Amino acid sequence: AQSVTQLDSQVPVFEEAPVELRCNYSSSVSVYLFWYVQYPNQGLQLLLKYLSGSTLVKGINGFEAEFNKSQTSFHLRKPSVHISDTAEYFCAVSPNTGFQKLVFGTGTRLLVSP
Amino acid sequence: KAGVTQTPRYLIKTRGQQVTLSCSPISGHRSVSWYQQTPGQGLQFLFEYFSETQRNKGNFPGRFSGRQFSNSRSEMNVSTLELGDSALYLCASSPAAGPGEQFFGPGTRLTVL
């Protein structure tokens, strides 16, 4: 079975400051890793994904994440945030064997203030 | 390409009723998954369909069921609604048979009174 831990339920940050949202996972098999963003009253939008290859993954809106297998982490970073980045961010894993199934963390609310 | 569409967007039901939610995947996508999102339990996997077959099911009671049609459109049904079924129900589609990226719809907000 897989599990995902997002230790920070809320991260407040000032506009143009850097931010890191933490994600750790547990799995007995290899996994694919994802970060999704959810704006109020909307579905989930994929920010970036790690399937294989380079451990540094770049996504949309200036976000990037680094897969660290030894620490079982997949932290999300952005060097300079905007007010419009205020949203809920979810880390998710999917076992790379078998079928479509995402296991999500509890989410981190990013609050960007001027 | 049009994205994943879900209907209706909002729904209000009373305890004991049943409800059917609909999901139309992105054209060409054959895998459809359903998730429940609540403030208390977060995002939880309900089930996944591929080529009209349920391939995987989450830990939900039998009141939750679904199906997929030959055109890949999917429906999920919840019978004998309980207050705790109030949630945002998200549908996601994927072109792949195996694990990978899923594209989410806007969700159906179900309120059970």
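Since the model is a prediction, treat every value here as computed from it, not as a measurement. (Residues numbered from 1 in each chain as written. Chains lettered and ligands numbered in written order. Predicted model: local features only at pLDDT ≥ 70, side-chain atom pairs only at ≥ 80, totals over all residues. Heavy atoms only, no water.)

(A) Region of the structure containing the packing of aromatic side chains. Applying the stated criterion to the full structure yields 13 aromatic pairs over all chains. Taking the centre distance of 5.7 Å and the plane angle of 70° together, the rings of Phe47 of chain B and Tyr49 of chain B count as edge-to-face. Taken together, Phe34, Tyr36, Phe90 and Phe104 of chain A together with Tyr35, Phe45 and Phe104 of chain B form an aromatic cluster joined through their ring pairs. (Phe/Tyr/Trp six-rings, centres within 6.5 Å; stacked < 30°, edge-to-face > 60°.)

(B) Summary view of the interface of chain B and chain A. Counting residues at the interface gives 22 residues for chain B and 21 residues for chain A. Of the roughly 1800 Å² buried between chain B and chain A, counting both surfaces, carbon and sulfur atoms make up 56%. Joining chain B to chain A, the criterion identifies one salt bridge. Among the ionic pairs, Lys49 of chain A bridges to Glu101 of chain B, the shortest N-O distance being 2.7 Å. Mapped by element, the contributors of at least two residues to the side of chain B that touches chain A are strand E4 (31-38), strand E5 (42-50), strand E6 (53-57) and strand E9 (87-94) of chain B. Top element by residues in the side of chain B that touches chain A is E4 of chain B. It accounts for four residues. In the side of chain B that touches chain A, the residues fall into nine nonpolar, nine polar and four charged. (Contact = heavy atoms within 4.5 Å. Buried area = accessible area lost by both parts, 1.4 Å probe. Salt bridge = Lys/Arg side-chain N within 4 Å of Asp/Glu carboxyl O. Helix = DSSP H or I, 4+ residues; strand = E, 2+ residues; numbered from the N terminus. Nonpolar A, V, L, I, M, F, W, Y, C, P; charged D, E, K, R; others polar.)

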